[in-house]
Amino acid sequence: MRRCISAVLTITLLLVLCACSRQNADEKTALSLRTAMTEAVGCRMVLDVSADCDGRLYTFRLNYEDNGAERKITVLHPDTIAGVCARVQEEALQLEFEDVVLDFGMPEGALSTPLVTPYLLSQCLKTAYIAYTSDHELGAAVRYYHGFEDDRLEVQVIIDRASLTPKTCEVFWDGRAIVSAQITEFELIDT
């Protein structure tokens, strides 16, 4: 009987240690990408974004470029608004189309809009609090907290372990997914 209990306890301990090892590997993936992004000048990526607004689904294809000096988001699709650009700074959001520039400051809730999802993703990968990590079939699932209390957004990112590139992103507010994105053409800008 003692041997049986001893064997069960040993197996349980091994399973717990294996789970901790996977958790550490996923966290290490998130921290490795954070280090690479911090050391780089910036990044660029293309996102296919879906947003549920009052029961209606909107889709966008966005190009994001952060060259260290400015962060620019350009709408590639839908064609009706293709070419609209957003320039994002810590405290300002500007929309541009042809000769028209609208300066909004940084309105409340702006980070939860589909247009600034690439900027929010970039900020999370660089600086947001890593709440927890887990294993996912596509890579490491990382949950970030951006902001505090009532203004907090939760952003879940799946990171490919081999290439250290984000593959998907979901933005949650008040426990509900409000924006999701597929990320392609991700690259770091070194110079």
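Just so it is clear, the model here is predicted, and its values are computed rather than measured.

Novice: Please clarify how the environment of Gln89 should be interpreted in this entry.
Specialist: Note on placement: Gln89 falls in strand S4 (residues 85-89). Sequence spacing of Gln89 and Arg71 is 18 residues, and the spatial spacing of their C-alpha atoms is 7.0 Å.

Novice: Sorry, what's going on with the packing of aromatic side chains here?
Specialist: Each pair of aromatic rings is reported with the distance of its centres and the angle of its planes. Summed over the entire model, instances satisfying the criterion amount to 1 aromatic pair. Their ring planes at 40 degrees and their centres at 6.0 Å tell us that Tyr129 and Tyr145 sit as a pair that is tilted. A residue pair is termed long-range when its members are at least 10 positions apart, and Tyr129 in strand S7 (residues 129-136) and Tyr145 in strand S8 (residues 139-146) qualify at 16 residues. Above the face of the Phe172 ring, Arg143 is positioned so that its terminal group lies 4.4 Å from the ring centre. The residue whose ring lies beneath Arg152 is Tyr145, and the NZ or CZ to ring-centre distance is 3.8 Å.

Novice: Is there a simple way to explain unusual backbone geometry in this structure?
Specialist: With the exception of glycine, the majority of residues adopt a negative phi angle, and the majority of peptide bonds are in the trans configuration. At the junction of His77 and Pro78, the peptide bond is cis and its omega measures out at 10 degrees in the coordinates. Along the chain, the position of Pro78 falls in the loop between strand S3 (71-77) and S4. Non-glycine residue Asp174 carries a positive phi angle of around 55 degrees. With respect to the helices and strands, the residue Asp174 is situated in the loop between strand S10 (165-173) and strand S11 (176-189). On the basis of relative accessible area, Asp174 is assigned to the exposed category, the value being 68%.

Novice: Which parts of the structure should I look at to understand helix H2 (residues 117-127)?
Specialist: Residue pairs three or four apart in sequence face the same way in an α-helix, which turns once every 3.6 residues. When you tally the buried positions in H2, you get 10 out of 11 residues, the bulk of the element. Buried within H2 we find Thr117, Pro118, Tyr119, Leu120, Leu121, Ser122, Gln123, Cys124, Leu125 and Lys126.

Novice: Please explain the state of the cysteines as it appears in this structure.
Specialist: Every disulfide links exactly two cysteines, by a covalent bond between their sulfur atoms. For the structure on display, the rule yields 0 disulfides. Between Cys124, a free cysteine, and Cys169, which holds the nearest cysteine sulfur, the sulfur-to-sulfur gap is 7.3 Å. A relative accessible area of 0% places Cys124 in the buried class. With relative accessibility at 3%, the residue Cys169 sits in the buried group.

Parameters at a glance
Residues numbered from 1 in each chain as written. Predicted model: local features only at pLDDT ≥ 70, side-chain atom pairs only at ≥ 80, totals over all residues. Heavy atoms only, no water. Helix = DSSP H or I, 4+ residues; strand = E, 2+ residues; numbered from the N terminus. Phe/Tyr/Trp six-rings, centres within 6.5 Å; stacked < 30°, edge-to-face > 60°. Lys NZ or Arg CZ within 6 Å of the ring centre and 35° of its normal. Buried < 20%, exposed > 50% of the residue type's maximum accessible area, 1.4 Å probe, protein only. Disulfide = S-S within 2.5 Å.

This is a description of form; function is not addressed.
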